[in-house]
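Below are the chains, spelled out letter by letter.
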Amino acid sequence: MDNQAFDSKRIAEGYAKRPWLHKEVMEQIKKDCNIEHLRNGLDVGCGAGLSTKALRLLCDYVTGTDISPQMIAVCESTYEDPAYTFYVSKAEENKMPPQPYDIITAAGVVNWVDRDLFLDNSKKILADNGLIVVYDFWITDKMDNVSEYTEWYQDKYLKMFPKPYRKEDVWKQSDLSDVFALEKTVYYDMKYDFTLDEFIDFMMIQSNVNEKVESGKYSVEEVREWMVKTLRPIFNGQKRTLIFTGYNWYIRKRGDKSC
């Protein structure tokens, strides 16, 4: 993975303040795979560490890796507990740990990686019967009981900030080597409450916005001013509940019980 679009201080610091929905993802993993406790986990593409913090709920020790030095710097300054280790690495080149990992999580990463190289690396560093959980979640055009947001998202936001291209392949068993079994794919919704300022901070680090800012099309100040103007009537001084949707792909290194 060579994409370094997220390698900026602004994005890294913004990622550290994202909604911690990763915790709910861990609860989904526990339920789907009957997991209570693991020893050693790797979080690939850890960003500012929220997904690593979530994996810590399952594991005694966690390692987070990311291609961005800025992201790793934020992680190291935030998580000083010896249970955490962070280092800069491509998703396809994570180092062999002293003991193989029991679980590897990859949150919002597979759109940017070489699948075959990632799985080949994972095969080397994952314990026999270990689990890879590929997951992601994203905003939708829906807020609870606020139809005006749907109109804003579709007719204003996406027209000003179109979704940038990225790979969106859904992995199938036929895409995997015989070493791995795709045991289950789960889709689910989650909700999160935002104030206007919190929602704007969150939207400012979306890839749609980041692409326009990094290309020089708009300044950060221009985007924020536009969002305040167009979203203030929708929030009307209240918290609003945004609906997210997500998925988990469970990939087992063959030899263990199924999820």
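Heads up: the structure comes first, above all this text.
First, a word on scope: everything that follows refers to the structure included in this document. Each residue is numbered by its place in its chain's sequence as written, counting from 1. A pLDDT threshold of at least 70 governs which residues receive local features in this predicted model, and a stricter bar of 80 or more applies before side-chain atom pairs are shown or counted, although totals over entire chains, interfaces and linings include all residues. Working from all heavy atoms in the structure, the side-chain values ignore hydrogens and water.

## Here we look at the packing of aromatic side chains
Part 1 of the reasoning: Aromatic rings from Phe, Tyr and Trp, taking only the six-membered ring of Trp, are treated as a pair when their centres fall within 6.5 Å; an angle between ring planes under 30 degrees marks them as stacked, one over 60 as edge-to-face, and anything in between as tilted. Enumeration over the complete set of coordinates arrives at 25 aromatic pairs.
Part 2 of the reasoning: Relative to phenylalanine 161, the ring of tyrosine 157 has its centre 5.7 Å away and its plane inclined at 40°; by these criteria the two rings are tilted. Both residues of the pair, tyrosine 157 and phenylalanine 161, belong to the buried class.
Part 3 of the reasoning: Criterion for a charge above a ring: Arg CZ or Lys NZ at most 6 Å from the ring centre, at most 35 degrees from the ring normal. A cation over an aromatic ring shows up here: lysine 53 above the ring of tryptophan 20, its NZ or CZ 4.2 Å from the ring centre.
Part 4 of the reasoning: Cation over ring: lysine 95 sits above tyrosine 87, and NZ or CZ is 4.2 Å from the ring centre. When a residue's accessible area, from a 1.4 Å probe over protein chains only, is under 20% of the maximum for its type it is buried; when over 50% it is exposed; and in between it is partly exposed.

## Observations concerning the state of the cysteines
Part 1 of the reasoning: Any cysteine sulfur atom paired with another within 2.5 Å is treated as part of a disulfide. In total, this model carries 0 disulfides according to the counting rule given.
Part 2 of the reasoning: Here cysteine 59 stays free of any disulfide, with the sulfur of cysteine 33 as its closest cysteine sulfur at 13 Å.
Part 3 of the reasoning: For cysteine 75, which is in no disulfide, the shortest distance to another cysteine sulfur is to cysteine 46 and amounts to 4.0 Å.

## Comments concerning the environment of asparagine 236
Part 1 of the reasoning: Secondary structure elements follow DSSP: runs of H or I no shorter than four residues count as helices, runs of E no shorter than two count as strands, and numbering proceeds from the N terminus. In this structure, asparagine 236 sits in the loop between α9 (220-235) and β7 (240-253).
Part 2 of the reasoning: Exposure remark for asparagine 236: the relative accessible area of 54% places this residue in the exposed category.
Part 3 of the reasoning: When the C-alpha positions of asparagine 236 and proline 19 are compared, they lie 21 Å apart, and in sequence the two are 217 residues distant.

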